[in-house]
Each structure stands twice: as C-alpha cells, then as structure tokens.
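# An overview of the molecular structure
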Amino acid sequence: MRHTPLMLSLAAALAVSACAKNETPATPATPAASSTAAAAPATQAAAVTDEHSFSQPGKVRTTDLALDLALDFAKKTLSGTATYTLDWLDPTATQLVLDTRDLTIAKAEGLGADGKWAPLQFKLADTADKVLGTKLTIETPERPKQVRVTYTTSPNASGLQWLEPSMTAGKKQPFMFSQSQQIHARSWVPLQDTPIVRFSYTAHVTAPKDAMVLMSADNDPKAARDGDYSFKMPQKIPSYLLAIAAGDLVFQPITDKAGVWAEPGTVKPAATEFADTGKMIDTAEKLYGPYRWDRYDILVLPPSFPYGGMENPRLTFATPTVIVGDKSLVSLIAHELAHSWSGNLVTFSTAKDAWLNEGVTSYVENRIVEALYGKPRSDMELVINRNELKAEYNEENTPLQKLAGKPGELKDPDDNLSSTVYTKGAWFMQFLEQRFGRENFDAFLRGYFDHFAFQSISSQQFADYAKANLLDKYPGKVTQEEFDQWLYEPGVPSDAPQIASPTFDAIDAARKAFLEDGTLPSSDATGKWTTQEWVHFIEGMPTTLNLKQMEALDAAYKFTGTPNGEIAQRWYPLAVRSGYTQANEAISAFLQKIGRRKLIMPTYNELVKTPEGLKLAEATFAKAKPGYHPITTGSVQAAIDGAKSKPAQ
Ligand code: BES
Ligand code: ZN
C-alpha cells in the first residue's frame, strides 16, 4: 500500500455545496434517442458557453461538415476544403466564428440563394492564444445555409503526428494520425471546436496509393487501397471525435462487426489480444442497450501514440503497449468501447464536465471487466486506480478534485486531473450503485443513455436527471447533500465504498516478506501473476530500496528492460529514486521507444528531481523528441523546464 493518506477535506465531508445551483445551463434536452439534435430555442442556446472555444454556438451551429482533403506526407500537410451546413439560431447574427490553430486560410465562401459560391470576408485574429489557438471570423451578413473554407494545416499541427517510416513497425512507409481530444481538432480542420455542437460528416481524402486512410466513420474492411477514399459518419458527433489515420494498414476481423486495423506485423497479435471484443460488445449491450455505431473496429497505432486509447467512433485508436500477450490490459478496450455509450452517445458539453465522459466510462469499463474476467480482476483494477488517486490528491490541487468544475478552474483542458475525472467519477457511480442496488442503478444508467442519446449535457443536467430518476424515485437511499458532496466538493467522502481484494492481500504479504528478510515470492505464485499483481507488488514498495534489494528483484524478475509498459512505469521511477543506475540504459531506451504519456511521465518526473537525473532526462529527450507526439513533447518539456526553474535541492 502507498503511504500517502487519502486527502479528505473535512470541510468537504461536512459542507453541502452552495455552488450547485449556479451552473451555466448547457445544451437543452432534445427528444430521447433522436440522432438529429433539434435546433435549440435561441434564447436558451445563447446561454451556452464553452470557455475553450471562440465559436458562438448560441448563434449558429454546424449540423454537417463535408471535408475534401489531400494528404501530403512529404509536406506533412492536409489541405483542401471544409464545408459547413449551418443552423442559424440567431436571426440577427452576421458572423461565423470558428476555432483554428496554426492553419493557413486561403479563402472563405458562402452559398448564395442562386446556388453559387461567393467569396466572404474573413479575418484570422492577429494573436494566437496559447491554449485556444486563433479565432477565425467570417463575415456572413446573409447567414448562408453553407459556408466553405479552403485551408492548409501546419506540419506542426498539435492534433496530428507525422511519422517517418523509421518510426513505424514496418519501417517502410510513413504514417500519420490525429488526436483531436480535447481541443486539437481545430489544428487540422477550422471548425466550431466545442462539444456543445454536434454534426454529421463526410470526407473525401486523397493520399499516396500505398497508404490506407481511415477515419472515425464507415471504414470498409474491404476498401481498395487506391489513394482515393470516401467516408460518411451519419451520426452526429462532437468535434473531438473527428479522427483520421493513414499508413500501411491492414485489417483482420475479430467478429463480423468488429476487427483490428494495424501495420501488417502487428495485426495478428493485436487480433489475438483483443479477441474478446465481441463479448465486450455483447456485455455492454445487455447492460446499457444497443450499440448504435454500426461497426466497432480498433486501430493499433505506433508506440508514439500519446494516449492509451481514444474512443473515436467506429474506430477506437489504441496504443500497442497493451499488447502484452495475456490479455491483462484489455480493460483499455472495455474502456474505449464503453465510451460508445458514455461520451460518444451522451457527451459532456464542456471539458470541465469531463467526468461525465471519463468517470461514467471507467465505471462501465469495470463492469465489463467484471462480467468477462471476474470480480477479483475488476477489483484489482479499482484498487490500483484508487491508490493512484490517493497519491495524486494534495492540498494544492483541491480545485481539480471536484467532479463538476467551475468556469476558469481548468485553464488547459489537457490538464484535467485524471484521478478526479476517471477514478473519483467511477467511484461516485459505484457509490450510487451500492446505495440503490445494482438492478436499479443499471436501469437508471440505461435510461440515462437513452434519454440523452446524441446530446451534449452538463453535470447539472446529470444531477437533475438523477434527482428525478434515482433520489426521488427511491427515497431514503441517498440524500441530496451526499449526492452534491460527491459532485461539487473536493476530496472523496469518508463513507465512500471500499474494496477488499484478497488477491492483493496475498501480494501485500509477499512484499512484506521480501522487505523483512529478502524472501522472494515462490515462482509457483509469481508464475500466475498478471500485470495487475506485478504493478501492485512494485507500487507498494517503500519510496526507495537499497541496491541489494533492487538487484535481487531484478535478478529474479527481470524488471529492467521489461516489455510491459505498466510494469516499467512503476519500476523505473523506483530505480531512479533508489539510485539504481544500472537501469539507466534501459530507462533511456524505454523513454525513446514509447510516447504514451501515462507510461513515461512518472519516470521523467522522477529523473528531473536530481541534477544527474535531469541530465539523463534531457539527453534522452533530445534523442526521443523527433519521434514524440506534440502532446508528449509538451509534457516532457514542461517537466524539464519546471525542474530547471526550481532552485537546486
Ligand atoms: N478519451 C480518453 C483520452 C483523452 C482524454 C484524450 C482527455 C485527450 C483528453 C480515452 O478514452 C482514455 O480515457 N484513455 C485512457 C485509457 C484508459 C483505459 C483509462 C488513456 O489513454 O490512458
Ligand atoms: Zn476515456
């Protein structure tokens, strides 16, 4: 066990939130299960704000986006046109304001009543906001039904990564992929980059003949690789789910509705690792109603992918680091699949309500894991996450410990505190499940997904729905005060449900024996350990071990150089803290090979704490940087800069 006590705000445990009632109203509800968001009345819609977008969804909303793009690997650009079909909510509006970042805008046109395109005046703001990018204002005095923008992306687009052939598994062809969440879609398409706006889309993309292009749309497993691709996404999605990838990609089916896209050398092991995907879909459908997105395919990206997974509709993007051979990390797929309900179907209306996506999804993920792999496994995963939360919470980050954040608290939406939105969010759901009973709570969630299907909602809308369909429906189970404490206060309520994990009790005992007299757990036992057991074994170690202990563990279990990134994520920081410099070479190699932020940042953060470590971090970063995604580069640079600006310890 970690020694960091759970930071419980006493005030939080006692106080009832006063701010709960003053939330900004978000997207008004439209009829249940409708895939075409009805136009909101202008007066209501005008109140909707997203501090992370320049666009004015209260005045006008994009209902459809048509892309026509050329993909150029040599120039590292996408260029062409974006055509918006617009719903003018405000009959007096005279401008269309779009979000952009590092885009070159060639022209803007409006479709006239005569059916002809005519130029529109436009202006890119003189200064770019570091977080939000550059506002694009198009003069639209006649509120045309359609507007078309001709543009080119920058090779440094924050939402795209362009990989040289050497950075791919096959080493022969270049590769590119997008990561639009949270606000990076604007770096590859000028658009209303806020989840308040939902639109269907089509795309026509040209690319070199040997590159397969895929999008978060109706990819055809049998599509001819001819350099000319067309896509359609008929369901309305928020901008952060817009996705594209291109490279030497081939397909292998898992079921007739699900399959894997990957480079040729990766597709087989990936399909084997993810063989349970069909069962996961069945499990989720049984609990929460039909999967509404047609196919569910997984695209395995190169190791530089900055996240574990991304729930791009119909085409989850996944890191190759979860392919470890024993299916022990497939909760990632359960998670991204779960977003097909919590996130993609019912979406947060602004990033400060991120828990509505990630917290509910982490809960659903755990239910799928429990159903498929049993409670011991799902409980281990909960314990690991909750220990991380306990380690992450401190007095300084209390504003970010609130599920429903207030405007202004979240500067950069990429900085959301993950233990709050994921783990506290899921814990809140588990709390409700326990109090109301699983059967009632399952019915509630299913009803919630149906009620808000294809809509973007706020925490307040969730709270109102829960009051009517849980708290008031089953009186005496959870008070409004308890509910509000979870939603609006920092910390975790002291009566939050706890997990008992007998599997981890055995691991704790094994670790204790090792720490007492160096006894190593028997290979009979460790032979059966999965990733979760190893992670817990290492995470519960004291802050540092002596060299003899480190050597003994390494000799027995070969942690240094492990191909399992989850184990590396825990072992290398311990090695750095313990001065176990024998691991330095392997650490450097790991940090160069993997770009997934969660796996590598703990080691960077540990390295930068000492002058020698900082040197290794900087030297490694210099070599790794050309292969890192812009998001990862940003995080590593910030860790190094942060350490350098601090006085030496
Ligand atoms: N939607 C997230 C990824 C994300 C969140 C990207 C916020 C950008 C901003 C995705 O569903 C996710 O949660 N990925 C996790 C995996 C998971 C199993 C918790 C990750 O990448 O680690
Ligand atoms: Zn997620």
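Residues numbered from 1 in each chain as written. Chains lettered and ligands numbered in written order. Predicted model: local features only at pLDDT ≥ 70, side-chain atom pairs only at ≥ 80, totals over all residues. Heavy atoms only, no water.

### Topic: the sheet that holds strand 3 (residues 95–100)
Worth spelling out the cut-off: For two strands to pair, DSSP has to find at least two bridges joining them. Secondary structure elements are defined from DSSP: runs of H or I of at least 4 residues count as helices, runs of E of at least 2 residues count as strands, and each element is numbered from the N terminus. Axis definition: a line fitted to C-alpha atoms, limited for helices to the stretch in contact. Angles are taken between N-to-C directions and run from 0 to 180 degrees.
Here three strands make up an open sheet; going across it, the order is 3-7-6 and the pairing antiparallel. Looking at strand neighbours, the two that pair on one side only are strand 3 and strand 6 (122–124), the edges of this open sheet. Taking the axes of each pair of neighbouring strands and ignoring which way they run, one obtains an average angle of 15° across the sheet. Relative to strand 7 (residues 134–139), strand 6 runs antiparallel, the two sharing three bridges. Each residue of the ladder has a partner; that of Leu124, found in strand 7, is Leu136.

### Things to note about the side chain of Ser362
Condition: Whether two residues are in contact is decided by their heavy atoms, any of which lying within 4.5 Å being enough.
In this structure, Ser362 sits in helix 6 (residues 354–373). The contacts of Ser362, once residues within four sequence positions are left out, are His335, Tyr422 and Ala426.

### Structural notes on the domain arrangement of the chain
Rule in force here: A domain assignment, automatic or from a database, supplies the domain bounds used here.
The domains assigned to the chain are domain 1 (351–488) and domain 2 (541–645). Domain 1 and domain 2 are separated by 32 Å when their C-alpha centres are compared.

### Notes on the coordination of the zinc ion (ligand 2)
Rule in force here: Sites may look incomplete because water is not among the atoms; the donors themselves are N, O and S atoms within 2.8 Å of the metal, or within 3.2 Å for Na, K and Ca. Each residue is assigned to one of three classes by its accessible area relative to the maximum for its type, calculated with a 1.4 Å probe on protein chains only: buried under 20%, partly exposed between the two thresholds, exposed over 50%.
Here the zinc ion (ligand 2) is held by His335 (NE2), His339 (NE2) and Glu358 (OE), and the distances to it run 1.9 to 2.1 Å. Each donor residue of the zinc ion (ligand 2) lies on the same chain, and together they follow the pattern H-x3-H-x18-E. Residue His335 is located in helix 5 (residues 331–338), and its partner Glu358 is located in helix 6; the two are separated by 23 residues in the primary sequence. Grouping residues by exposure puts His335 and Glu358 together as buried.

### Points about the UniProt feature "binding site: a peptide" (unreviewed entry) in the chain
So the rule is basically this: UniProt positions are given in the numbering used here, feature names are shortened, and annotations may be inferred rather than shown by experiment.
UniProt tags Gln179, Ser180, Gln181, Pro306, Tyr307, Gly308, Gly309, Met310, Glu311, Arg596, Arg597 and Lys598 as "binding site: a peptide" (unreviewed entry). In this fold, Gly308 is placed in the loop between strand 17 (296–300) and strand 18 (309–310). Judged by its relative accessible area of 10%, Gly308 is buried. Not counting residues within four places of it along the chain, the set of residues in contact with Gly308 comprises Phe317, Ala318, Thr319, Leu332 and Arg596. Looking at the element boundaries, Arg596 is found in the loop between helix 17 (584–593) and helix 18 (597–607). Setting aside its immediate chain neighbours within four residues, Arg596 contacts Pro303, Phe305, Pro306, Tyr307, Gly308, Thr319, Thr321, Val322, Leu332 and Glu566.

### Here we look at the confidence of the model for the chain
Put simply, the test is: Each residue carries a pLDDT value, the predictor's own confidence for that position, ranging from 0 to 100.
When pLDDT is averaged across the chain, the result is 92; 92% of the residues are at 70 or more. By mean pLDDT, the top-scoring element of the chain is strand 8 (residues 146–152) (99), and the lowest-scoring one is helix 1 (residues 10–14) (32). Confidence over residues 1–46 falls short of pLDDT 50; this stretch has 95 contacts with residues more than four positions distant or in other chains.

### Considering the environment of Lys375
Considering the arrangement of structural elements, one finds Lys375 in helix 7 (residues 375–392). For the pair Lys375 and Glu142, spaced 233 residues apart in sequence, the C-alpha separation works out to 60 Å.

### Some words on the nonpolar core
Put simply, the rule reads: Each nonpolar core is a collection of buried residues, namely Ala, Val, Leu, Ile, Met, Phe, Trp, Tyr and Cys, held together in the definition by side-chain atoms within 4.5 Å.
Counting residues in hydrophobic clusters, the biggest one holds 139 residues, and the most contacted among them are Leu71, Phe428 and Phe462. Each residue touching Leu71, except ones within four places of it in the same chain, is listed here: Thr77, Leu78, Trp162, Met176, Val205, Thr206, Ala207, Pro208, Val213, Ile244 and Ala246. If you look at the next biggest cluster of nonpolar residues, it comprises 48 residues, including Trp529, Ile538, Leu545 and Leu616.

### Some words on the site of ligand 1
Rule in force here: Near, as used in this document, describes a residue that has one of its heavy atoms within 4 Å of the molecule or strand being considered. We define a polar contact as two N or O atoms separated by no more than 3.5 Å, with the added condition that, inside protein, one atom must be a possible hydrogen donor and the other a possible acceptor, whereas residues neighbouring each other in sequence contribute only through side-chain atom pairs. For accessible areas, the Shrake-Rupley method is used with a probe of radius 1.4 Å. Any residue's cover is judged against the shown protein chains and nothing else.
The environment of ligand 1 is made up of 14 residues, and the closest members are Gln181, Gly308, Glu311, Glu336 and Tyr422. Take Glu336: an N or O atom from its side chain is 2.7 Å from an oxygen atom of ligand 1. In the environment of ligand 1, a nitrogen atom lies 2.8 Å from a nitrogen or oxygen atom belonging to the side chain of Glu358. The protein chains hide 85% of the 520 Å² of surface that ligand 1 would expose on its own. For the shell around ligand 1, the secondary-structure elements that each account for two or more residues are strand 18 and helix 5. A total of three residues in the shell around ligand 1 trace back to one element, the largest contributor, which is helix 5.

### Some words on the packing of helix 6 against helix 9 (residues 438–451)
When two helices pack together, you describe them by how their axes are tilted relative to each other and by the distance separating the axes. We count it as follows: The labels follow the angle: roughly parallel below 35 degrees, roughly antiparallel above 145, roughly perpendicular from 65 to 115, and oblique for the rest. Here a crossing is called left-handed whenever its near helix is offset anticlockwise from the far helix by less than a right angle, and right-handed whenever the offset is clockwise.
Running from amino to carboxyl end, helix 6 crosses helix 9 at an angle of 130°, the nearest separation of the two axes being 13 Å. Taken together, the axis directions place helix 6 and helix 9 in an arrangement best described as oblique. Here helix 6 and helix 9 pass one another in a crossing that is left-handed. Of the residues in helix 9, those touching helix 6 at Leu356, Val360, Tyr363, Val364, Arg367 and Glu370 are Arg438, Phe441, Asp442, Leu445, Tyr448 and Phe449.

### Focus: the sheet that holds strand 16 (residues 258–262)
One open sheet accounts for five strands, arranged 15-16-17-19-18; its pairing is mixed. Among the strands making up the open sheet, the edge pair consists of strand 15 (250–253) and strand 18. Sheet analysis places strand 17 next to strand 19 (residues 315–318), joined by four bridges and oriented parallel. For Leu299, the partnering residue across the bridge sits in strand 19 and is Phe317.

### Looking at the UniProt feature "active site" (unreviewed entry) in the chain
Look at the UniProt record and you will see "active site" (unreviewed entry) annotated at Glu336 and Tyr422. For this annotated set, covering 87 residues, all C-alpha atoms fall within 12.8 Å of each other, a compact arrangement in space. Relative to the elements of secondary structure, Glu336 occurs in helix 5. Not counting chain neighbours up to four residues away, the residues in contact with Glu336 comprise Tyr296, Gly309, Met310, Glu311 and Thr316. Its place among the elements puts Tyr422 in helix 8 (residues 418–436). Dropping the residues within four chain positions of it, Tyr422 is found in contact with His335, Glu358, Gly359 and Ser362.

### Digging into the side chain of Arg386
Note the cut-off: In this tally, Lys and Arg are treated as positive and Asp and Glu as negative; His is ignored, and so are the chain termini. When a carboxyl oxygen of Asp or Glu is within 4 Å of a side-chain nitrogen of Lys or Arg, the pair counts as a salt bridge.
Within the secondary structure layout, Arg386 lies in helix 7. Buried within the structure, Arg386 lacks any salt-bridge partner; its nearest side chain of opposite charge belongs to Asp379, at an N-O separation of 7.5 Å. With residues near it in sequence (within four places) discarded, Arg386 still touches Thr423, Trp427, Gln430, Pro497 and Ile499.

### Regarding the packing of helix 7 against helix 8
Filter applied, for reference: Three classes are used, and their members are as follows: Ala, Val, Leu, Ile, Met, Phe, Trp, Tyr, Cys and Pro are nonpolar, Asp, Glu, Lys and Arg are charged, and the others, Gly among them, are polar.
Running from N to C, helix 7 and helix 8 point in directions that differ by 125°, and their axes come no closer than 10 Å. What the angle tells us is that helix 7 and helix 8 run oblique. The chirality of how helix 7 crosses helix 8 is left-handed. Residue-level contacts link Asn385, Arg386, Glu388, Leu389 and Glu392 of helix 7 to Ser418, Ser419, Thr423, Lys424, Trp427 and Gln430 of helix 8. Grouping the amino acids of the contact of helix 7 with helix 8 by side-chain chemistry returns two nonpolar, five polar and four charged.

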